Amino acid sequence: MRERKDPAVPGAPGPSRRPSDDPPARSRTAPRRRLGWSLVVVSVLVALVLGELGARLIGPEIPRRAGSEERAFLKADQMHARGRGTTDVLIIGSSETAGGLIPSVMAEQAPMLDGIYNGALAGSYQPVQQEWAERIAVPALDPPVVVIGILPMAVWDLTGKFPDPNGDAQDTYRAAFDQLDPAHLGQLGWEIRERSALIRYRPYLRRPTLVLQGVGNLLGIVDDTPPKKDLSPFGMDWKTETDPQVVRDNTAPTGEVFDYHSRSLPVTVDRTNKAIFDRIATGTIDFGPLGSLVDSLRDQGTTPVLALGPIDRKVLQDSGVDLRPYDDLVARIQAWAAERDLPVNDAFSDTWSPDDFHDRTHLDLAGSQRWSAQVGAWLADLCRAGTLPDACAAS
């Protein structure tokens, strides 16, 4: 028989509560959770502050490893110091362009262009140049015009023809871009790098051996600092020079480099370059990287133009090099560019004096002045023709 329950009597004590009937003790646990999260936040902030202080102490003492990295840092700093809207013409390319185009000489021929900067990186291939332009150079300067300086051989795919002499430089440049543009934040990323040693030295701090070397240098236990060199403006090797001061002394404020300014020794026959040029001519034409670079620059709102640099044709021909495949390549480039409304200036097809060269593919100071004047006059002609409407001031 079921037990009968008496009706509730007003005023009578109710049934006793079981512990499980109590409401959750939120008033006691919520402060504990808040305190736990606060401790986590404080711990993270303390770790970041300590990391930043450590990076400021150790980072500058870590020995540098790549000159190309130093050049990228310096040029990025120069461009950001110039600021957006101050530069009508940005130059990109590899070593022949970094040393061969002098903005001040170009500006004398094209006074209607307000500001020219040479952002070319020695040893860089077009995919790296595209990344440099997209992540660093164009966002920093917002230039209406970009001059792409190349030697025609840049559109030959030489995979398997040679050991890659600049393969390491591509990785080094990209590592520098990750520091200059952390998390692809553009201008904000560069600002963060400028203010945070933890960001600036992050790639080094990830390597324990480099950190230990930096600590040793800081404490005076070891000294990995390279000996000071004579700061000659005519002898820097961009692949090996890691002293930031030497890199600065060999780079003009307008970006051109002094690495190749010295004149070549008197050379009439160059057998080494004959073998190299003969093998280069067996490459396969690939306009893919150059086309991607051109499209990327246009997508960023710039007008790209193409400048073909000269080579020491006289010495190469006297050495037995057949330049007909190279001249045929120039014709292919011009036809390809015409289909894309890409203006081309050709200095490659002309024979220049050997006195204009540092070696067979790089101009010395006199040659750089000559090529710069030619490209500057060509840009002025493009201005007068209305080809560069966003860049040319009324004159």
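Note: the structure precedes this text.
Residues numbered from 1 in each chain as written. Predicted model: local features only at pLDDT ≥ 70, side-chain atom pairs only at ≥ 80, totals over all residues. Heavy atoms only, no water.

Student: What's the story with the side chain of Arg360 in this structure? I'm lost.
Tutor: In this structure, Arg360 sits in the loop between β7 (344-346) and α16 (365-384). For Arg360, the side chain forms a polar contact with the side chain of Asp270, separated by 3.4 Å. In this structure Arg360 touches Ser264, Val267, Asp270, Asn273, Ile311, Asp312, Val315 and Leu316, once residues within four positions along its chain are discounted. (Helix = DSSP H or I, 4+ residues; strand = E, 2+ residues; numbered from the N terminus. Polar contact = N/O pair within 3.5 Å; in protein donor to acceptor, adjacent residues only side chain to side chain. Contact = heavy atoms within 4.5 Å.)

Student: So what exactly am I meant to see when it comes to the sheet that holds strand β2 (residues 116-118) here?
Tutor: The strands making up a sheet are joined through hydrogen bonds of the backbone, oriented either antiparallel or parallel. The sheet built from five strands is open, its strands ordered β2-β1-β3-β6-β7 with parallel pairing. On the outer flanks of this sheet lie β2 and β7, each paired with one strand and no other. Across the sheet, the axes of successive neighbouring strands diverge by a mean angle of 20 degrees, strand direction being ignored. Here strand β3 (residues 145-150) runs beside strand β6 (residues 303-308); their pairing, made up of six bridges, is parallel. Along β6, the bridge assignment pairs Val146 with Pro304. Its contacts with the sheet put helix α15 (residues 324-339) on β6 and β7, and the angle it makes with β7 is roughly 160 degrees. (Pairing = 2+ DSSP bridges. Axes fitted to C-alpha atoms, helices over the stretch in contact; angles between N-to-C directions.)

Student: Even after reading the chapter, I still don't get the packing of helix α5 (residues 126-141) against helix α13 (residues 288-299), so can you show me in this structure?
Tutor: The relative placement of two packed helices is expressed as an angle between their axes plus a distance between the axes. Interaxial distance between α5 and α13 falls to 8 Å at its minimum, and their mutual angle equals 15 degrees. Considering their axes alone, α5 and α13 lie roughly parallel with respect to each other. Two packed elements cross with a definite hand, and for α5 against α13 that hand is left-handed. For the pair α5 and α13, contact is made by Gln126, Pro127, Gln129, Gln130, Ala133, Glu134 and Val138 and by Pro289, Leu290, Ser292, Leu293, Ser296 and Leu297, respectively. The class makeup of the residues in the contact of α5 with α13 is seven nonpolar, five polar and one charged. (Parallel < 35°, antiparallel > 145°, perpendicular 65-115°, else oblique. Left-handed = near helix turned anticlockwise from the far one by under 90°. Nonpolar A, V, L, I, M, F, W, Y, C, P; charged D, E, K, R; others polar.)

Student: When you look at the pattern of salt bridges in this model, what are you seeing that I'm missing?
Tutor: For side chains bearing opposite charge, pairing can occur when the charged atoms are close. Within this structure, the stated rule accounts for 16 salt bridges. In this structure, the salt-bridge partner of Asp142 is Arg84, at a minimum N-O distance of 3.4 Å. Taken together, the residues Asp142 in the loop between α5 and β3 and Arg84 in the loop between α2 (67-82) and β1 (89-93) connect sequence positions 58 residues apart. A salt bridge links Arg360 to Asp270; the nearest nitrogen and oxygen atoms lie 3.4 Å apart. You can see Arg360 sitting in the loop between β7 and α16 and its partner Asp270 sitting in the loop between α11 (244-249) and α12 (271-280), a full 90 residues away along the chain. Overall, Arg360 belongs to the buried group, its relative accessible area being 5%. Residue Asp270 is classed as buried on the basis of its relative accessible area of 11%. (Salt bridge = Lys/Arg side-chain N within 4 Å of Asp/Glu carboxyl O. Buried < 20%, exposed > 50% of the residue type's maximum accessible area, 1.4 Å probe, protein only.)

Student: Whenever I open this one, the pairing of β6 confuses me. Can you help?
Tutor: Most of β6 sits inside the fold, with five of its six residues counted as buried. Two strands pair when backbone bridges link them, and β6 and β7 are joined in this way by three bridges, in the parallel orientation. Within the sheet, the bridge partner assigned to Leu306 lies in β7 and is Val344.

Student: Is there a simple way to explain the nonpolar core in this structure?
Tutor: If you look at soluble globular proteins, the nonpolar side chains tend to sit buried side by side. Residues Met79, Leu90, Trp132, Ile148, Tyr173 and Leu290 are the most contacted members of the largest nonpolar core, which totals 59 residues. Apart from the residues lying within four places of it in its own chain, the contact partners of Leu290 are Gln126, Ile148, Ile150, Val155, Leu306 and Trp336. (Core = buried A, V, L, I, M, F, W, Y, C linked by side-chain atoms within 4.5 Å.)

Student: When you look at helix α6 (residues 167-180) in this model, what are you seeing that I'm missing?
Tutor: The α-helix advances 3.6 residues per turn, and as a result positions three or four apart in sequence lie on the same side. An ideal rise of 1.5 Å per residue puts 20 Å on 14 residues; α6 measures up with 20 Å between its terminal C-alpha atoms. Those residues of α6 lying buried are Gly167, Ala169, Gln170, Thr172, Tyr173, Ala176, Phe177, Gln179 and Leu180. (Expected span 1.5 Å × (residues − 1).)

Student: It is not clear to me how the packing of α5 against α6 should be interpreted in this structure. Could you clarify?
Tutor: Their axes nearest at 11 Å, the elements α5 and α6 cross at an angle of 10 degrees. Accordingly, the angle class assigned to the pair α5 and α6 is roughly parallel. Residues Pro127, Val128, Glu131, Trp132, Arg135 and Ile136 of α5 form the contact with α6, whose own contacting residues are Gln170, Tyr173, Arg174, Phe177, Asp178 and Leu180. The residue makeup of the contact of α5 with α6, split by class, is seven nonpolar, one polar and four charged.

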